[in-house]
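Letter by letter, the chains look like this.
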Amino acid sequence: METVVAFFEHIPSSYRAAILIGGILLFWSIEGIIPLSLTPYHKWRHAGLNLFFTLTTVVINFLFAALLLKTSDWTADQHFGLLYLTTMPLWLFILLGLLLLDLIGAYLIHWLEHKLKWLWKFHLIHHTDTYVDTTTANRHHPGESVFRAIFTILAVFISGAPIWLVMLYQSLSVIFSQFNHANIKLPVQLDKVISWIIVSPNMHKVHHHYKQPLTDTNYGNIFSLWDRLFGTFATENPANLIYGVDTHMDAKESNQLTNLLQIPFQPYRRSADISYSGTHKADSVTKDQPSVG
């Protein structure tokens, strides 16, 4: 465990870039071997659009890096945060830290993005992808990247996570997000078992269905615990899913960079029909659930 701490405390930027690029290449390759969806699309063109947003996300995170570091160093020096309420073994400190960072820095902001119209209009860019694959993981409007960076800092402040734990979480977040967005077909039972611990590909694909209420389920990033605990977990046969969001299914809007950047500043569109006739929905997901997704 001490080796993990030492490595991530001083992880070079080149290593972090290698994790990002290596993950994309790995899951991109696996998609070609065991694809979930066989729908043909211009994979390189699709990747180019999503990689643009990946780059903007990297830039936004870089701009917030100093504040993130200062917040983490302060909490660690002052022993401020939930992780310092009691002494615990290192392995438990790491596990609880990862869970708290995931809850506040990922699940909470994601849930809010589906509940608040002004946040949804930025998050909408992620959902407009009608061909979900591993490159979709970082398809976020620059505005949304700012919101997520702020909540990451908030998560560090509340948890008291030291910088090595933040770097560990962010590295895992990149890999797991690329994994659960990847267009890969796992054995059904294996995917189901995985989804009891982490967000699996089939679990997250439900979130990318083009209509409510399934759009408003499975907000998890790494751990599936939060969706199960807060009643936002849902399952569905992948064959029944259609990717995208019903208010922006026109390819001229969902696959055009200029329009995607402008969507948050365009008039809000309400989903015309939030009914869904799927076979397996979470009990807490109802047809009249208030949401804007």
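Our structure is the block above this text.
Basis of the calculations
Residues numbered from 1 in each chain as written. Predicted model: local features only at pLDDT ≥ 70, side-chain atom pairs only at ≥ 80, totals over all residues. Heavy atoms only, no water. 1 Å grid on protein atoms, 1.4 Å probe; cavity = no way out; pocket = protein on both sides within 12 Å on 5 of 7 lines; lining within 4 Å. Points joined across faces, edges and corners; volume = space filled by probe spheres on them. Nonpolar A, V, L, I, M, F, W, Y, C, P; charged D, E, K, R; others polar. Phe/Tyr/Trp six-rings, centres within 6.5 Å; stacked < 30°, edge-to-face > 60°. Helix = DSSP H or I, 4+ residues; strand = E, 2+ residues; numbered from the N terminus. Buried < 20%, exposed > 50% of the residue type's maximum accessible area, 1.4 Å probe, protein only. Contact = heavy atoms within 4.5 Å. Salt bridge = Lys/Arg side-chain N within 4 Å of Asp/Glu carboxyl O.

A. Representation of empty space enclosed by the protein within the structure. Summed over all chains, the structure comprises three cavities of 30 Å³ or more. Estimates place the volume of the largest cavity at around 50 Å³. Lining the largest cavity are Trp120, Lys121, Leu124, His248, Ile263, Gln266, Pro267, Tyr268 and Arg269. Its residues assigned to classes, the lining of the largest cavity comprises five nonpolar, two polar and two charged.

B. Structural view of the packing of aromatic side chains. On inspection of all chains with the given rule, the structure shows 17 aromatic pairs. On the numbers, 5.9 Å between centres and 85 degrees between planes, the contact of Phe122 with Phe265 is edge-to-face. Pair noted here: Phe122 is in helix H5 (residues 117-127) and Phe265 is in the segment after helix H12 (257-262), with a separation of 143 residues, a long-range link. Exposure remark for Phe122: the relative accessible area of 13% places this residue in the buried category. Classification of Phe265 as exposed rests on a relative accessible area of 61%.

C. Spotlight on the side chain of Thr56. Relative to the elements of secondary structure, Thr56 occurs in helix H3 (residues 43-78). If we skip the residues at most four places from it in the chain, Thr56 touches His140 and Pro142.

D. Quick look at the layout of surface pockets. Here the largest pocket is characterised by a volume of approximately 1300 Å³. In terms of lining residues, the largest pocket is bounded by 44 residues, among which Arg16, Thr57, Asn61, Gln170 and Val174 are the most central. Listed by contribution, the elements that provide at least two residues to the lining of the largest pocket are helix H2 (13-33), H3, helix H4 (90-115), helix H6 (142-159) and helix H7 (163-181). Among the residues forming the lining of the largest pocket, the class breakdown is 22 nonpolar, 20 polar and two charged. Approximately 340 Å³ is the volume attributed to the second largest pocket. Sort the elements by how many residues they give to the lining of the second largest pocket and helix H8 (residues 188-194) lands first, with four residues. Across the lining of the second largest pocket, the residue classes tally to seven nonpolar, seven polar and four charged.

E. Broad picture of the pattern of salt bridges. Using the criterion set out here, one finds five salt bridges in the structure. Two residues, Arg139 and Asp129, come together in a salt bridge whose shortest N-O distance is 3.6 Å. Within this pair, whereas Arg139 is found in the loop between H5 and H6, its partner Asp129 is found in the loop between H5 and H6, the two being separated by 10 residues in sequence.

Any functional reading would require information that these geometric values do not contain.
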